Amino acid sequence: MRGHDLLHPRPEGLYCPPGDFYIDPVRPVPRALITHGHGDHARPGNSAVMATQQTLDIMAIRYGADFAQTSQPADWGVPQKVGDVTATFHPAGHVLGSAQIAVECGGLRIVASGDYKRRHDPSCQPFELVPCDIFITEATFALPVFRHPDSKAEIAKLLRSVRQFPDRTHMVGAYALGKAQRVIRELRDAGYDEPIYIHGALQKLCDYYETQGVALGALLPATLEKGSKKDFAGTIVVGTPSSFADRWARRFADPVAAFASGWMGVRQRARQRGVELPLIISDHCDWDELCVTIKETGAGEIWVTHGREEALVRWCELNGLRAQPLHLVGYEDEAED
Ligand SMILES: [Zn+2]
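Peer 1: Go over the overall build of the chain, please, and point to the residues and values.
Peer 2: The number of helices and strands found in the chain is 8 helices and 19 strands. Taking 2.2 N^0.38 as the reference for a compact globule, 337 residues should give roughly 20 Å; the C-alpha atoms of the chain span a radius of gyration of 20 Å, in line with that estimate. Along the three orthogonal principal directions, the C-alpha set of the chain runs to about 65 × 45 × 30 Å. Residues counted as buried form 57% of the 337 residues belonging to the chain. A fraction of 61% describes how many contacts in the chain between residues 6 or more apart in sequence connect residues 24 or more apart. By element, 50% of the accessible surface of the chain is carried by carbon and sulfur atoms, the whole surface being about 13900 Å². Both charge centroids of the chain, one from 36 positive and one from 43 negative side chains, sit 5 Å from each other.

The structure is reproduced here in structure tokens:
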């Protein structure tokens, strides 16, 4: 069997003919296997969905219990028969429940890794290396200029600023699924045990992470009553990036605008967003981690998708690996990184 007979791009997403399913379809399909709960990968309206239990739970939280007609949980590392293929879900280290999906048929194994990272993240399962013949990799930060710093140092930067400006409110923008919980958990690991204030849009997912054993400490709603502005001086408020564009955000005391994202390594992006304190905390691999992972899988062929495909394809070729861009559409590099 050739690679493209097992998986190939269609307008709806990556299609597997012998299994008759799509991985992370961008349009509703009869059968979908879903890598993780971010909105550009997990969409509502598919008839049958297979994903990890945590991804199914997250989809239900975000879209309602009727996000699909039927859903089937995939246990970590347990091969499941889907049509004529075997599908196995392995941790991707991206957000809680995020999976790489290994698809096998006729002695050929392709791993579709979705979004993934290699760095330690106290809020989700660590990435698991899955040897394969063809590795499908994301390319969000696939340029040699992208080298993410240690996230502990970024968290220390935030805490230093909080100590330095006790009269100001530190407003940390973080995506609702994964990044927000990771930042909160990393603040706890750094010894910060004051209550952390959260925007209402984060409440349900933070509650869910708690039920899954990710302890986030004391979280209080960041709601302002009349005249209580001063109550938030010296505190940390975490909200979604869009909530910080609201009137809600302008009511806090002399805010320090912080933003936790891999893109904060690009000064221009921080400036555009009016970010005073950029925190380079990424849920994707940087350039070195992409290259190391590609080598470690032992795959002889690499398919590159969503991001800067060309540089990574070129790197693969220079390293003696067959490689091609997949040209999948509908995945955003900044939606929820
Ligand atoms: Zn993602």
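Peer 1: Hey, could you go over the environment of R118 for me, with residue numbers and the actual values?
Peer 2: Within the secondary structure, R118 sits in the loop between β10 (108-112) and β11 (134-139). Exposure remark for R118: the relative accessible area of 30% places this residue in the partly exposed category. It is 24 Å that separates the C-alpha atoms of R118 and M50, two residues lying 68 residues apart in sequence. Ignoring any residue separated from it by four or fewer positions in sequence, one finds R118 in contact with F127, L129, C285, E289, T293 and E296. Of note is the side chain of R118, whose polar atom sits 2.8 Å from the side chain of T293. Side chain to side chain, R118 and E296 meet in a polar contact 3.0 Å long.

Peer 1: I'd love a proper account of the coordination of the zinc ion, names of residues and values included.
Peer 2: Looking at the metal site, the zinc ion is ligated by H36 (NE2), H38 (ND1), H94 (NE2) and D115 (OD), spaced 2.2 to 2.3 Å from it. On the primary sequence, the residues serving as donors to the zinc ion are separated as H-x1-H-x55-H-x20-D. Linking H36 in the loop between β4 (31-33) and β5 (46-51) with H94 in the loop between β8 (85-91) and β9 (99-105), this pair joins segments that are 58 residues apart in sequence. In this structure, H36 and H94 share a single accessibility class: buried.

Peer 1: Before we move on, could you go through helix α8 (residues 309-318) and cite the residues and values that matter?
Peer 2: The set of residues buried in α8 consists of E309, L312, V313, W315 and C316. Axial view of α8: buried residues confined to an arc of 160°, hence all on one face. Opposite the buried face of α8, by more than 90 degrees, sit the exposed residues E310 and L318. Where the residues of α8 are buried, they touch β11, α7 (287-297), β18 (301-307) and β19 (322-325). Taken from the residues just after α8, G320 is the one with a positive phi, measuring 75°.

Peer 1: I'd like a rundown of the packing of α7 against α8, residues and numbers included.
Peer 2: The interhelical angle for the contact between α7 and α8, taken along N-to-C directions, is 45°, at an axis separation of 11 Å. Regarding the angle of α7 to α8, the classification is oblique. You can see that α7 and α8 cross each other, and the crossing is right-handed. Listed contacts from α8 to W287, L290, C291, I294 and K295 of α7 are A311, L312, W315 and C316. Here the contact of α7 with α8 is built from residues that sort into 8 nonpolar, no polar and 1 charged.

Peer 1: I'd like a rundown of the sheet that holds strand β3 (residues 21-23), residues and numbers included.
Peer 2: Strands sit in the order β1-β2-β3-β4-β5-β6 across an open sheet of 6 strands; the sheet is mixed. Where the open sheet ends on each side, the last strands, each with one partner, are β1 (8-10) and β6 (68-73). Along the sheet, successive strands turn relative to each other by an average axial angle of 35°, direction set aside. Of the pairings in the sheet, the one linking β5 to β6 comprises 5 bridges and is parallel in character. Across the sheet, A48 pairs through a bridge with T70, a residue of β6. Against the sheet, helix α2 (residues 53-63) touches β5 and β6, its axis set at about 140° to β5.

Reading guide: rules and limits
Residues numbered from 1 in each chain as written. Predicted model: local features only at pLDDT ≥ 70, side-chain atom pairs only at ≥ 80, totals over all residues. Heavy atoms only, no water. Helix = DSSP H or I, 4+ residues; strand = E, 2+ residues; numbered from the N terminus. Rg over C-alpha atoms; globule rule 2.2 N^0.38 Å. Buried < 20%, exposed > 50% of the residue type's maximum accessible area, 1.4 Å probe, protein only. Contact = heavy atoms within 4.5 Å. Areas by Shrake-Rupley, 256 points an atom, 1.4 Å probe, with all protein chains shown as cover. Lys, Arg positive; Asp, Glu negative; His and termini not counted. Charge placed at Lys NZ, Arg CZ, Asp CG, Glu CD. Polar contact = N/O pair within 3.5 Å; in protein donor to acceptor, adjacent residues only side chain to side chain. Donors = N, O, S within 2.8 Å, 3.2 Å for Na, K, Ca; no water. Arc of directions from axis to C-beta. Axes fitted to C-alpha atoms, helices over the stretch in contact; angles between N-to-C directions. Parallel < 35°, antiparallel > 145°, perpendicular 65-115°, else oblique. Left-handed = near helix turned anticlockwise from the far one by under 90°. Nonpolar A, V, L, I, M, F, W, Y, C, P; charged D, E, K, R; others polar. Pairing = 2+ DSSP bridges.

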